[in-house]
Amino acid sequence: MPPMLLPPKRAIIPVTQGRWNSITLASSHAGPVRTLKASSSLDAEEIEFNGDERDFILSILRAKPSIRDTKSYLASFNPPKSIPTTTPTPATAVSKDDSLSQLQNNPNLAAGVSLINELIDPVHRRTALVKLQGPFTDRQLESVARGMVYLEKLGLVSVVVVENDEWEPGSEMEREEAVEDAMRVVAALEAQGARARPVLDTIVRLGPNPNDERLCEASGNDSSGVWTPEAHSLAEDLTHIRSALQASEIPVLPALALDSFCRSVRISANDVIAALTPTMVEVGTTLDTSSPSAKKTVDMTPLRLMIVNREGGVPSYARSGLPHLLVNLSSEYEHIWDTFLPQWRSSHPTALGNLALARTCLSYMPPTSSAVMVSHRSPSSLIANLITNKPAQSSSLPHALLSGAKKLTRDTPTLFRYGLPIRVIRKAEEIDKKKMTALLEQSFVKTLDYDAFWKRVDNTLDFAIIAGDYKGGAIVTREAIPSLPSNTSETPRTMAYLDKFAVLPSHQGDGTVDFLWVALHDESYGLGTQFARNFIEGSMQGLGRGEDLVWRSRGDNPVNKWYYERSSGHLKMGEKGEWVLFWCDAEDRLKAMENAIRSGNDASESLPEVIRTKKGPVIRGPGFVVAEEQGRLDKWARIVNKIPSSWVNK
């Protein structure tokens, strides 16, 4: 067996354990709930629901929602300000005798029960458009149906459109096949305790909507992002769907449409969903909330688009065919089309079609909405997406961290956000200083020393990254590295310094921060690698050599935890450690060091150290500090300490 190469020590960063690790719900007939540590060794997305109600609780806890995630979720479902106290049912109650002692002795229990009580059964319900892209076995359909039932308990009612990849186009029994598959889904949902209603009447009509101005000039499906569905719907067509939702039933639709001869014909589920989306948005925003029954009315505006299939997410060339984690459709759509490899058209034949569907639907849905493309093997990912509205793993994490518990698999879901266009600016005069100032001051809640800051940026700017109309931004400057007094002939050197990284509060948590960091990676320490070949406006398009990126943050900055996970290392500065110096090593340089060790041509090292393990011989990677890096932290610290504050002292 050839020896493997361990990643550099600097890339091994401890990952914080899940926050829920010792929760027990006492009841008259239920034992302890399985905790995250006691769960199966399988990845979370590989675990199918087994029908136990406790798995529902565990799936919520496994999502590990932050305080911001929970508040955002509750805001989406508009819960009441105060929840009246009710007598708990025996199945979920903590007995009165021991509840107080358990809450006092086990803070995780108190936190977990509080979280679950907040999330389960909100008064205001929302809808999700769900594409079930089979065929599925009975066991697979059972697992997917249970996932949708759990979503309903959390306030998200699915509007399901059924499709089968094995249907033969033009079949004489096409309508009967579509109805049969829809009825099979209805039976699966009802077997899990849900109330489902088959909507067999055609509610969409063939042909584009003549009243949709955005589609009037568009035709076809190409890499420009314009896709015209072959069907449309009107507000009066949604009567059956609204009736089912108001009766607390899950509507299940076959992929049928009404043609010009009033015949019911089978069409693509993508066309049905794309036809329903703008109409549901229109109807959902015009509900009469003043009516007495308004509290029982489900808001028909889709909060999520969920595509459940057998393929998984959209494959990425940068991840060797494993799925994209998070896609910014406003800036990455064309790039995904251009880099979609020919072999994927066989292994993922519907990926690009679903990508076009996500972009079309999200262009109508609210900005906070998202779409997720997920394998039937990952039903628990639907709950995680609903609560956190985030991908399974952050797309801005270093690739070295996406292993072990965070390992990517073929079934890892892809999350889509309509997102914001990203562009790179390399001239200071092209920055809208008023808008950038407003962004920085709102993000940091401080007053910028306008003249001094912009004078320094004018003289030292390397590049700036702008998200949308200054909804987020990053400023990187070139800072001079002093030459040694004994070497006056040395060519002046500079280092890349991340001076500012900011996102408006209204866009924090919607993926903008990850989109920005990925662009920052591609233009600095990730430059020259295959991961950096993203063709955004003004970018280097992956061409060039990467360089170390350095920045500082106050020691009490709550964002530091996020920085710890993305940096190669950190160093505390100041007499009391009031500052933290972070850096990211140039990835192409690390790769060159690894290749040198692997080939045995590294002149700075002796023979590589080989460690014998149960899995075979392993080569120890480069040390934390190699010869060429000696003294660099001291240099960086001295340079960064001389950079003046950007803010007005109060």
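Located above this text is the structure these notes cover.
In what follows, the accompanying structure is described.

Parameters and conventions
Residues numbered from 1 in each chain as written. Predicted model: local features only at pLDDT ≥ 70, side-chain atom pairs only at ≥ 80, totals over all residues. Heavy atoms only, no water. Axes fitted to C-alpha atoms, helices over the stretch in contact; angles between N-to-C directions. Helix = DSSP H or I, 4+ residues; strand = E, 2+ residues; numbered from the N terminus. Parallel < 35°, antiparallel > 145°, perpendicular 65-115°, else oblique. Contact = heavy atoms within 4.5 Å. Nonpolar A, V, L, I, M, F, W, Y, C, P; charged D, E, K, R; others polar. Buried < 20%, exposed > 50% of the residue type's maximum accessible area, 1.4 Å probe, protein only. Arc of directions from axis to C-beta. Left-handed = near helix turned anticlockwise from the far one by under 90°. Phe/Tyr/Trp six-rings, centres within 6.5 Å; stacked < 30°, edge-to-face > 60°. Lys NZ or Arg CZ within 6 Å of the ring centre and 35° of its normal. Pairing = 2+ DSSP bridges. Polar contact = N/O pair within 3.5 Å; in protein donor to acceptor, adjacent residues only side chain to side chain. Salt bridge = Lys/Arg side-chain N within 4 Å of Asp/Glu carboxyl O.

Here's the deal with the packing of helix H9 (residues 269–284) against helix H12 (residues 351–362)
Line of reasoning, step 1. Packing of H9 against H12 leaves a shortest axis separation of 10 Å and a crossing angle of 5°. Classed by the angle they form, the pair H9 and H12 counts as roughly parallel. Along its contact with H9, which presents Asn270, Ile273, Ala274 and Thr277, the element H12 presents Gly353, Asn354, Leu357, Thr360 and Cys361.
Line of reasoning, step 2. A breakdown of the residues in the contact of H9 with H12 according to their chemical character gives four nonpolar, five polar and no charged.

Re helix H19 (residues 632–641)
Line of reasoning, step 1. Where H19 is concerned, the buried positions are Arg632, Trp636, Ala637, Ile639 and Val640. With its buried residues spanning 165° around the axis, H19 presents them on a single face.

Things to note about the packing of helix H10 (residues 329–338) against H12
Line of reasoning, step 1. Remark: H10 packs on H12, axes separated minimally by 11 Å, with the N-to-C direction vectors making an angle of 160°. The angle between H10 and H12 places the two elements in the roughly antiparallel class. Here H10 runs over H12; the crossing is left-handed. Contact residues: Leu329, Tyr333, Glu334, Ile336 and Trp337 in H10; Leu352, Leu355, Ala356, Ala358, Arg359 and Leu362 in H12.
Line of reasoning, step 2. The residue makeup of the contact of H10 with H12, split by class, is nine nonpolar, no polar and two charged.

Here's the deal with the packing of aromatic side chains
Line of reasoning, step 1. For the coordinates displayed, the defined rule picks out 16 aromatic pairs.
Line of reasoning, step 2. For the pair Phe501 and Trp517, a centre-to-centre distance of 5.2 Å together with 75° between the ring planes defines the contact as edge-to-face. Highlighted residues: Phe501 in strand S17 (residues 493–503) and Trp517 in helix H16 (residues 512–523), separated in sequence by 16 residues.
Line of reasoning, step 3. On the accessibility criterion, Phe501 (11% relative accessible area) is buried.
Line of reasoning, step 4. For Trp517, a relative accessible area of 1% corresponds to the buried category.
Line of reasoning, step 5. Cluster of aromatic residues (ring-pair linked, three or more members): Phe501, Trp517, Trp551, Trp562, Tyr563, Tyr564 and Phe582.
Line of reasoning, step 6. Above the face of the Tyr333 ring, Arg359 is positioned so that its terminal group lies 4.9 Å from the ring centre.

Re the pairing of strand S7 (residues 250–254)
Line of reasoning, step 1. Most of S7 is tucked away, with five of its five residues classed as buried.
Line of reasoning, step 2. Going residue by residue along S7, you find Ile250, Val252 and Pro254 tucked away on one face and Pro251 and Leu253 tucked away on the opposite face as well.
Line of reasoning, step 3. The pairing of strand S3 (residues 156–164) with S7 spans three bridges and is classified as parallel. Of the residues in S7, the one forming a bridge with Val161 is Leu253.
Line of reasoning, step 4. Bridge count for strand S4 (residues 196–198) against S7 is three bridges, and the pairing is parallel. Pairing of Ala196 across the sheet is with Ile250, part of S7.

Notes on the environment of Ser260
Line of reasoning, step 1. Tracing the backbone through its elements, the reader meets Ser260 in the loop between strand S8 (256–258) and strand S9 (264–266).
Line of reasoning, step 2. Overall, Ser260 belongs to the exposed group, its relative accessible area being 68%.
Line of reasoning, step 3. As for Ser260 and Gly207, which are separated by 53 residues in sequence, their C-alpha atoms are 8.9 Å apart.

As for the environment of Asn459
Line of reasoning, step 1. Structurally, Asn459 is set in helix H15 (residues 450–460).
Line of reasoning, step 2. Put simply, Asn459 and Ala428 are 31 residues apart on the chain and 8.4 Å apart in space, counted from C-alpha to C-alpha.
Line of reasoning, step 3. Among the polar contacts listed, one links the side chain of Asn459 to the backbone oxygen of Lys455, at a separation of 3.1 Å.

With respect to the sheet that holds strand S18 (residues 549–554)
By way of backbone hydrogen bonds, the strands of a sheet pair with one another, either parallel or antiparallel.
Line of reasoning, step 1. The sheet built from seven strands is open, its strands ordered S14-S15-S16-S17-S18-S20-S19 with mixed pairing. Each end of this open sheet is capped by a strand with a single partner; those strands are strand S14 (422–425) and strand S19 (569–573). Taken over all neighbouring pairs, the strand axes of this sheet differ in orientation by 25° on average, direction set aside.
Line of reasoning, step 2. Where S19 meets strand S20 (residues 579–584), five bridges bridge the pair, whose relative direction is antiparallel. The residue bridging Lys572 from the neighbouring strand is Val580, located in S20.
Line of reasoning, step 3. Sheet contacts for H15: strand S15 (461–467), strand S16 (472–481) and S17; angle to S16, the most-contacted strand, approximately 65°.
Line of reasoning, step 4. Lying on the sheet, H19 is in contact with S16, S17, S18, S19 and S20; it crosses S20 at an angle near 125°.

What about the side chain of Arg566?
Line of reasoning, step 1. Along the chain, Arg566 turns up in helix H17 (residues 560–566).
Line of reasoning, step 2. Within the local environment of Arg566, its side chain forms a polar contact with the backbone oxygen of Trp562, the two atoms lying 3.1 Å apart.

Examining unusual backbone geometry
Line of reasoning, step 1. Between Gly134 and Pro135 the backbone carries a cis peptide bond, its omega angle lying at 10°.
Line of reasoning, step 2. Among the secondary structure elements, Pro135 is positioned in the loop between strand S2 (126–134) and helix H5 (138–153).
Line of reasoning, step 3. Phi angles above zero are rare outside glycine, and Ser248 is one such case at about 60°.
Line of reasoning, step 4. Inspection of the secondary structure puts Ser248 in the loop between helix H8 (239–246) and S7.

Describing the environment of Leu362
Line of reasoning, step 1. Within the secondary structure, Leu362 sits in helix H12.
Line of reasoning, step 2. Taking C-alpha positions, Leu362 is 8.2 Å from Leu305, a pair spaced 57 residues apart along the chain.
Line of reasoning, step 3. Apart from the residues within four sequence positions on either side, Leu362 is in contact with Leu329, Ser369, Ser370, Ala371, Phe416, Arg417 and Tyr418.

With respect to the pattern of salt bridges
Line of reasoning, step 1. The tally for this structure, following the rule as stated, stands at 26 salt bridges.
Line of reasoning, step 2. The partner of Arg478 in a salt bridge is Glu547, with the nearest N and O atoms 2.5 Å apart. A residue pair is termed long-range when its members are at least 10 positions apart, and Arg478 in strand S16 and Glu547 in the loop between H16 and S18 qualify at 69 residues.
Line of reasoning, step 3. Note on Arg478: relative accessible area 22%, which makes it partly exposed.
Line of reasoning, step 4. Here Asp499 makes a salt bridge to Lys500, at a shortest N to O gap of 2.9 Å.
Line of reasoning, step 5. The class of Lys500 is buried, set by a relative accessible area of 7%.
Line of reasoning, step 6. Salt bridges linked by common partners bring Arg456, Glu479, Asp499 and Lys500 together as one network.

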